[in-house]
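# Geometric and topological summary
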Amino acid sequence: MTNSPMLTAISVLDSLIRAGMRHVVLSPGSRSAPLAYALAAAADAGVVVAHVRVDERTAGFTALGIAKATGSPVGLICTSGTAAGEYVPAVMEAYHTGVPLAIMTADRPASLRGTGANQTTVQPGMFSSFVRASADLVNYPEDEEGQQTEDFSACLSALTGRNSDWLADDIVVGPAHINICLPAPLTPSEREAQILPLWASKLAESIDFGAEAQALESQLNDVHYSPGELMFMGMHQMQNESQEPSESQPRTVILAADQAPAFAAEFASMTGLPLLAEPSSNVRDGVHSIAHYPQIIASELGGEIERVVLFGHPTLTRPVTELLARESVQVAIYAPTPASWYESGARSEIEISAPAKLYDFAMGAERTEGWTARWEQESERAQELFERSLAAYRSGRFGEEYVQPDNYRDRTAGRSLARWIWGQSAQEGRALVVGSSNLIRDLDFAAPVSEDSAPYPVYANRGLAGIDGTLATAIGISLAGYYPTGVAEEPVAGQAEPVTLLCGDLTFQHDIASLNLPVTELLPDVRVHVFDDAGGGIFTTLEHGDMAKNPQFTSAVDRFFTLAAAENRDLKAMVAGFGASPENPQAGIEVHIHTPFDLSVYRSDEEEN
């Protein structure tokens, strides 16, 4: 017997909500209508927070941002056909960063596949390489539990990291694809219309929304350690209270990359070793943090490294990549749980899950006098040189200290803006999202490493390090501050998280449609700073910049790698078209455009201080 599509929609959403899904981003469509009606009932009852985005690509990255910030599954709902394909970039990023997206793609009946029926294709398996589990629900729920039930259960496990008995397991968390066949009728019957609010209110009674609100606040604002990490930290403190600090340290460095755990900073403190922290590691202000570490890695001092302890996913600089590839260097990856960014056994590094064993590895290299002090001295020297070029740029002395804003390879302007944004975000308590390409590397170069000087948290889409959906991701992170209450009279509480986005003009243009927020929707609190340097500058800092010096390839590099030939664009006009200018703060998004020669932001800041 074929199930009612409304029963299918209710069953799927009920299971996902009970598994912790509290936000759903929907894109309008007819085939997905049963899911939309069920979602509306759940949202009205205060069980979930619903968001609507017309463009599925924007919806995908909005959901990615919410899930990144909350750490909980976030749903996506779309109609059949090409709509589902628009999710692919966000799903790819989610797969490589372990972000739990519940991708619900509505489908026509399975009997229509291959017939050429309107808006019908083979949707099952379309994300197969980029999801941790998938289910093709052709007629769900089943009369007796079978393959569909088993596959859907696997999806719930992938989204939560828990098995069917609801116990934590060694499951890699990530996106799951739930393809849902929905035959006509696509609207609720009179009886189903009565059932919808009853179902939603009953579901609300089963959830402790007060406890969840407290957990969300902690997730958004606090650092977290595993029980094993807390035990090791306590034991280490007791064992070392009476010991004098050693003047020598092993030739080991701590490398904290994207999504590094907070334990990385504590580990560097306990070992007394140099901490090389990328901006989105969120431990940049840890003890022994080293500024300008890529340059030092490439120096004579960096050549003395014998061991590396790696936390998180390193993607930013070639010196780091080359360090990890050195045959003379032993590398251990801290892997207390299965990682999302690499397949176990695919890398040559040693995987260590226990903090005590990681400590033994770090301290096992040959010891040398003043190892960490030498790194800190080199860091200070490099910082002094940078401060000189920064001062020359901000005072308008172009051409001095190698400050040439019209030269792609001179990154002083980008670094100056990145440094200012970093400080402003920390001062104002705003989360920081950084686009890929040059600016996150500028931030890695320019952001200070002193304690209590960093914004928190810092986010970046470094799973595949693409520029796709950066604005939508920032909007999603901001929307994570809202939460359901379980009360129909006031179904949504909380407020938008204050977020600052720093990105380049090409990254911004690529996702500018995400400025299109429907007037019915919750507003974010996003401040966007766009560095407009004619785009594509990242390529000129690579080998393609050298090719541009050859007259044979100059025009090819300008046209195919940068936006130097696109002088007809007007970013401010584009922004004004969406009502997202600084003069319209009610829009929830304000956009500021900066150029390499624009010094007003720094001078006004100096006047205020």
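Residues numbered from 1 in each chain as written. Predicted model: local features only at pLDDT ≥ 70, side-chain atom pairs only at ≥ 80, totals over all residues. Heavy atoms only, no water.

## Quick word on the overall build of the chain
Scanning the chain from terminus to terminus reveals 23 helices and 20 strands. Its C-alpha atoms give the chain a radius of gyration of 26 Å, near enough to 25 Å, the size a compact globule of 609 residues would have. For the chain, the spread of C-alpha atoms along the principal axes amounts to about 75 × 65 × 50 Å. Summarising the internal contacts of the chain: among those between residues at least 6 apart in sequence, 75% fall at separations of at least 24. When the accessible surface of the chain is totalled, it reaches about 25900 Å², and 50% of it is carbon and sulfur. Mean positive and mean negative side-chain charge positions of the chain (38 and 79 charges, respectively) differ by 5 Å. (Helix = DSSP H or I, 4+ residues; strand = E, 2+ residues; numbered from the N terminus. Rg over C-alpha atoms; globule rule 2.2 N^0.38 Å. Contact = heavy atoms within 4.5 Å. Areas by Shrake-Rupley, 256 points an atom, 1.4 Å probe, with all protein chains shown as cover. Lys, Arg positive; Asp, Glu negative; His and termini not counted. Charge placed at Lys NZ, Arg CZ, Asp CG, Glu CD.)

## A look at the pairing of strand S8 (residues 252-256)
Across the five residues that make up S8, a large majority, five, are buried. Residues Thr252, Ile254 and Ala256 of S8 are buried on one face, and the alternating residues Val253 and Leu255, pointing to the opposite face, are buried as well. In terms of strand pairing, S8 meets strand S10 (residues 307-311) through five bridges, oriented parallel. Paired with Ile254 across the strands is Val309, a residue of S10. Two elements, S8 and strand S9 (residues 275-277), share three bridges in a ladder whose sense is parallel. What sits directly across from Leu255, in S9, is Leu276. (Buried < 20%, exposed > 50% of the residue type's maximum accessible area, 1.4 Å probe, protein only. Pairing = 2+ DSSP bridges.)

## Some remarks on the packing of aromatic side chains
In total, this model carries 13 aromatic pairs according to the counting rule given. Aromatic side chains Tyr140 and Phe152 sit 5.5 Å apart centroid to centroid with 85° between the ring planes, which places their arrangement in the edge-to-face category. Taken together, the residues Tyr140 in the loop between strand S5 (133-137) and helix H6 (147-160) and Phe152 in helix H6 connect sequence positions twelve residues apart. Judged on exposure class, the residue Tyr140 and its partner Phe152 are both buried. (Phe/Tyr/Trp six-rings, centres within 6.5 Å; stacked < 30°, edge-to-face > 60°.)

## Observations concerning the pairing of strand S2 (residues 49-52)
Only one face of S2 is covered, namely the face carrying Val49 and His51; the face carrying Ala50 and Val52 is uncovered. Sheet topology note: the strand S1 (residues 23-26)/S2 ladder contains four bridges and is parallel. Within S2, the position partnered with His23 by the bridge is Val49. A crossover connection joins S1 to the parallel S2 through helix H2 (residues 33-44); in handedness this β-α-β unit is right-handed. (Right-handed = clockwise from strand over helix to strand, strands pointing away.)

## Points about the sheet that holds strand S12 (residues 350-352)
On the basis of which strands lie adjacent, the open sheet formed by five strands has the order S9-S8-S10-S11-S12 and parallel pairing. The open sheet terminates on both sides in strands that have one partner only, identified here as S9 and S12. Here the strands of the sheet are splayed against their neighbours by 25° on average, with no regard to which way each runs. Lying over the sheet, helix H10 (residues 263-271) contacts S8, S9, S10 and strand S11 (330-334), oriented at roughly 165° with respect to S8. (Axes fitted to C-alpha atoms, helices over the stretch in contact; angles between N-to-C directions.)

## Description of the sheet that holds strand S18 (residues 498-504)
In spatial order, the strands read S15-S14-S18-S19-S20; together these five strands make up an open sheet with parallel pairing. Two strands in the sheet have a free side with no partner beyond their single neighbour: strand S15 (458-459) and strand S20 (589-594). Where S18 lies against strand S19 (residues 525-531), seven bridges are found, and the strand directions are parallel. Counterpart to Pro498 in the pairing with S19 is Asp525.

## Considering the packing of helix H1 (residues 5-18) against H6
Contact geometry for H1 and H6: axes closest at 10 Å, N-to-C directions at 30°. In terms of orientation, H1 and H6 fall into the roughly parallel class. H6 is crossed by H1, and the crossing has right-handed handedness. Contacts from Val12, Ser15 and Leu16 of H1 reach H6 at Phe152, Leu156 and Leu159. (Parallel < 35°, antiparallel > 145°, perpendicular 65-115°, else oblique. Left-handed = near helix turned anticlockwise from the far one by under 90°.)

## Points about the packing of helix H9 (residues 227-240) against H10
Two packed helices can be described by the angle between their axes and the distance between those axes. Axis separation between H9 and H10 bottoms out at 12 Å; the angle between their running directions is 20°. Compared by their axis directions, H9 and H10 come out roughly parallel. Note that H9 runs across H10; the crossing there is left-handed. Seen from H9, the contacting residues are Glu229, Phe232, Met233 and His236; seen from H10, they are Phe263, Glu266 and Met270. For the contact of H9 with H10, a count of residues per class yields four nonpolar, one polar and two charged. (Nonpolar A, V, L, I, M, F, W, Y, C, P; charged D, E, K, R; others polar.)

## Thoughts on the side chain of Thr507
Tracing the backbone shows Thr507 in helix H18 (residues 505-510). Residue Thr507 is classed as buried on the basis of its relative accessible area of 4%. Sequence-distant contacts of Thr507, defined by excluding residues within four places in its chain, comprise Ser436, Ile467 and Thr470.

## What to know about the nonpolar core
The biggest cluster of nonpolar side chains holds 52 residues, and the ones touching the most others in it are Leu101, Phe508, Val528, Ile589 and Val591. Looking at which element gives the most residues to this core, the answer is helix H3 (residues 56-70), with seven residues. Among all residues touching Val528, those that are not within four sequence positions of it are Leu471, Leu501, Cys503, Phe508, Ile589, Glu590, Val591 and His592. (Core = buried A, V, L, I, M, F, W, Y, C linked by side-chain atoms within 4.5 Å.)

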